[in-house]
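Residue-level structure breakdown
If you want the building blocks of each chain, they are given just below.
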Amino acid sequence: MTRRQILLAALAPAAQVRTLTRGPKHHFFGYYGVSPWNAKGDKMICLESGFQNRMPKPGETATIGIVSPTTGSFYPAVETRAWNLQQGAMLNWNPLEPNDEFLYNDQQGGDIISAAFHIKTKKRRTWPRAIESVAANGRFATCVTYGRLARLRPVVGYAAAQDPNPTVNHPDNDGVFILDLLTGKSHLAVSMKQVYDQLVPRHPELSAKALFFQHSVINPSSTRFFFLARTIENGRLTSAMFTASVDGTDLREVVPYDRGVSHFTWRGSEEIMATFQVDGKVRHVLFDDAPNPVHKVIAPDFLEGDGHCTFGSNRDVIATDRNIANPPAKRLLLYNLKTKRGSTLGEFPMKLPNGEQYLSGDTRCDLHPRWKRTGDQIAFDAIDTTDWTRQLHVCAL
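Procedures and definitions
- Residues numbered from 1 in each chain as written.
- Predicted model: local features only at pLDDT ≥ 70, side-chain atom pairs only at ≥ 80, totals over all residues.
- Heavy atoms only, no water.
- Helix = DSSP H or I, 4+ residues; strand = E, 2+ residues; numbered from the N terminus.
- Rg over C-alpha atoms; globule rule 2.2 N^0.38 Å.
- Buried < 20%, exposed > 50% of the residue type's maximum accessible area, 1.4 Å probe, protein only.
- Contact = heavy atoms within 4.5 Å.
- Pairing = 2+ DSSP bridges.
- Salt bridge = Lys/Arg side-chain N within 4 Å of Asp/Glu carboxyl O.
- 1 Å grid on protein atoms, 1.4 Å probe; cavity = no way out; pocket = protein on both sides within 12 Å on 5 of 7 lines; lining within 4 Å.
- Points joined across faces, edges and corners; volume = space filled by probe spheres on them.
- Nonpolar A, V, L, I, M, F, W, Y, C, P; charged D, E, K, R; others polar.
- Core = buried A, V, L, I, M, F, W, Y, C linked by side-chain atoms within 4.5 Å.
- Arc of directions from axis to C-beta.

1. Re the overall build of the protein
Summing up its helical and strand segments, the protein has 3 helices and 28 strands in all. Relative to the compact-globule value of 21 Å for 397 residues, the protein shows a C-alpha radius of gyration of 20 Å, a close match. With the C-alpha coordinates of the protein rotated into their principal frame, the extents come out at 50 × 50 × 40 Å. Here the protein holds 397 residues, and 59% of them are scored as buried. For the protein, the proportion of contacts with a sequence separation of at least 24, taken over those separated by at least 6, is 51%.

Okay, here's the thing in C-alpha cells:
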C-alpha cells in the first residue's frame with residue numbers, strides 16, 4: 001500500500017468480519033450488487049455445492065437454501081440446474097414478496113428458464129426466459145441468452161444452455177429482452193445487430209467478431225438499464241457500455257468499446273460508476289447516464305485497478321474489491337465519496353494448501369460485495385481458512 005492508502009485506511013470505522021456459513025459443502029451467493037437479505041433482514045439466500053474447483057457439468061445441481069443471519073445455518077429449499085460459480089443462479093428476492101419469495105434461474109427440459117419459490121407455501125412458478133436483473137418495482141426483469149454466454153463466455157453461462165445463433169456474429173433476434181413478470185410475456189428491447197450497426201463505423205473489425213451481451217442492470221427507478229456489449233478474442237475481452245429505456249429507445253453508448261469497461265453499479269437512477277481504462281490505467285469512474293458523459297475518476301490513489309463496485313442505501317459509500325497478486329488474496333474495500341476516506345475491511349487468502357488458487361480463472365472466488373438494505377452490513381464470498389471451503393461471509397460496519 002502507498003503512504004496515502006495507509007493513511008486512508010487508518011481512518012476506517014471499526015468493522016467486524018465473520019464467516020457465516022460452514023463446510024464441508026461450499027456456500028456462496030454468486031454475483032454482486034444484489035442483496036442476499038430479505039426485506040426484514042431475518043433471512044438470507046445462497047447456493048450450496050459439493051465442489052468449487054471446476055465448472056458445473058450439464059445436469060449437475062446446486063441447492064438453493066435459506067441461511068440464518070444469526071447462526072449461519074443452511075436450510076435447503078429447492079435445486080437448480082442453471083448455475084455457475086461466478087454468478088450463482090442470479091438469485092433475487094421478489095420485490096413484490098420481499099420476505100418470502102425468491103427468484104432464480106433453472107433448467108426445464110432443454111430450456112433455460114427462471115422460477116420463483118415461495119418459502120412458506122413451497123409453491124414454484126416459472127417464466128420462459130432466464131433473468132439477469134430484476135426491477136425494483138417487481139414488474140419486469142432483463143434477460144440475456146445464457147446459451148450464447150455458454151459458447152462465448154462460459155464462466156457466466158450455464159453448462160446445458162445452447163446458443164440459438166451459433167453462426168451469426170450480430171443476430172437481430174437476440175440481445176437484451178424485457179420479461180414481464182406479471183404476464184410472462186417478453187420482447188426484445190435492444191438487439192445485437194442494432195448495437196453492431198452503431199459501433200461498426202468506428203470499429204470495422206467487429207464485422208468478423210461475434211458480439212454478445214451481458215451484465216444488464218436496471219436502475220432503481222425501474223426506468224432504464226445498462227448492459228455491456230462484448231467480444232472476446234484469445235481470451236481478451238473488449239467491451240462497451242450502453243444504456244437504454246426499458247422499451248429499448250434512447251440507446252446511449254456511455255463507455256466506448258475500446259476502454260475495457262468491466263464492472264459497474266447504479267448510483268441512484270441517473271448516475272453510474274464503472275471500472276475501465278483512463279489514461280492507460282483501470283480506474284473507478286463516475287458519470288451521468290447521458291449522451292457523451294464526462295468521466296470522473298474517483299480516488300485514484302485508493303481505488304486502484306478493477307473491482308466489483310456497489311452502492312448501498314447511502315449513495316456516498318461504495319464497497320468494492322481488489323485482487324492482490326502476491327500472496328494471492330482478495331481485498332474488501334470501502335470508500336466514502338463525500339468524506340473522501342477509504343478503508344480496507346479485510347484481506348482474504350485465495351491459495352489453498354494443496355496449491356489450488358481462486359484468485360483468477362473460471363473458478364475464481366471474487367468477493368462480490370452485496371449490501372444489506374440497512375447499509376450497515378456487507379455480505380461477500382470468500383475462502384474459509386479453517387477448512388478451505390468457499391463460504392458466505394458478513395462484514396458488520
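2. Describing the sheet that holds strand E9 (residues 124–127)
Read from one edge of the open sheet, 4 strands run E6-E7-E8-E9, paired in antiparallel fashion. Both outer strands of the open sheet, strand E6 (92–93) and E9, are each paired with one neighbouring strand and no more. As defined by bridge partners, strand E8 (residues 111–118) adjoins E9 across 4 bridges and the pair is classed as antiparallel. What sits directly across from Ala115, in E9, is Thr126.

3. Quick notes on the environment of Leu91
Checked against the element boundaries, Leu91 lands in the loop between strand E5 (74–80) and E6. Classification of Leu91 as buried rests on a relative accessible area of 1%. Separated by 44 residues in the primary sequence, Leu91 and Leu47 place their C-alpha atoms 8.9 Å from one another. Not counting residues up to four positions away in its chain, the partners in contact with Leu91 are Phe29, Val34, Ile45, Cys46, Leu47, Ile64, Leu103 and Tyr104.

4. Some points on the pattern of salt bridges
Enumeration over the complete set of coordinates arrives at 22 salt bridges. Here Arg124 ties to Asp106 by a salt bridge, and the two come within 2.8 Å at their closest N and O atoms. Placement of Arg124 in strand E9 and of Asp106 in strand E7 (residues 101–108) is noted, with a sequence separation of 18 residues between them. Residue classification places Arg124 among the partly exposed residues on the basis of a relative accessible area of 37%. Measuring nitrogen to oxygen at the nearest pair gives 2.9 Å for the salt bridge that ties Asp197 to Lys193. Placement of the pair is Asp197 and Lys193 together in helix H3 (residues 192–199), with a separation of 4 residues, close to one helical turn.

5. Focus on the layout of surface pockets
When its volume is computed, the largest pocket comes out at roughly 1,100 Å³. As for the largest pocket, its lining consists of 41 residues, of which Gly33, Val34, Ser35, Val134 and Ile218 are closest to the centre. If you list the elements that add at least two residues to the lining of the largest pocket, you get E6, strand E10 (133–134), strand E14 (212–218), strand E18 (263–266), strand E22 (310–311) and strand E26 (370–371). Counting residues per element, the lining of the largest pocket draws most heavily on E14, at 4 residues. In terms of residue class, the lining of the largest pocket is built from 21 nonpolar, 14 polar and 6 charged. Put simply, the second largest pocket is a space of about 770 Å³.

6. Let's talk about the nonpolar core
Judged by nonpolar contacts, the single largest core of 39 residues is most densely connected at Tyr146, Val190, Val195, Phe213, Phe225, Phe227 and Phe242. Those elements giving two or more residues to this core turn out to be helix H2 (146–152), strand E12 (175–180), strand E13 (186–191), H3, E14, strand E15 (224–233) and strand E16 (236–245). Dropping the residues within four chain positions of it, Tyr146 is found in contact with Gln87, Met90, Asn105, Ala130, Ile131, Glu132, Val156, Gly157, Tyr158 and Ala161. If you look at the next biggest cluster of nonpolar residues, it comprises 28 residues, including Leu20, Trp37, Phe51 and Ile64.

7. Quick look at the sheet that holds E26
Read from one edge to the other, the open sheet built from 4 strands follows the order E1-E28-E27-E26, with strand pairing classed as antiparallel. Strand pairing shows two members of the sheet lacking a second neighbour, strand E1 (16–19) and E26, which therefore form its edges. Across 8 bridges, the pairing between strand E27 (residues 377–384) and strand E28 (residues 389–396) is antiparallel. Among the inter-strand pairings, Phe380 is bridged to a residue of E28, identified as His393.

8. Focus on H3
Within H3, the full set of buried residues consists of Met192, Val195, Tyr196 and Leu199. Angularly, the buried residues of H3 cover 105° about the axis, an arc narrow enough to put them on a single face.

9. Comments concerning empty space enclosed by the protein
Counted under the stated rule, the structure contains 2 cavities of 30 Å³ or more. Its volume calculated, the second largest cavity comes out at about 30 Å³. For the second largest cavity, the full set of lining residues is Val144, Thr145, Arg148, Leu149, Asp174, Gly175, Met192, Phe212 and Phe213. Taken together, the elements giving at least two residues each to the lining of the second largest cavity come down to H2 and E14.

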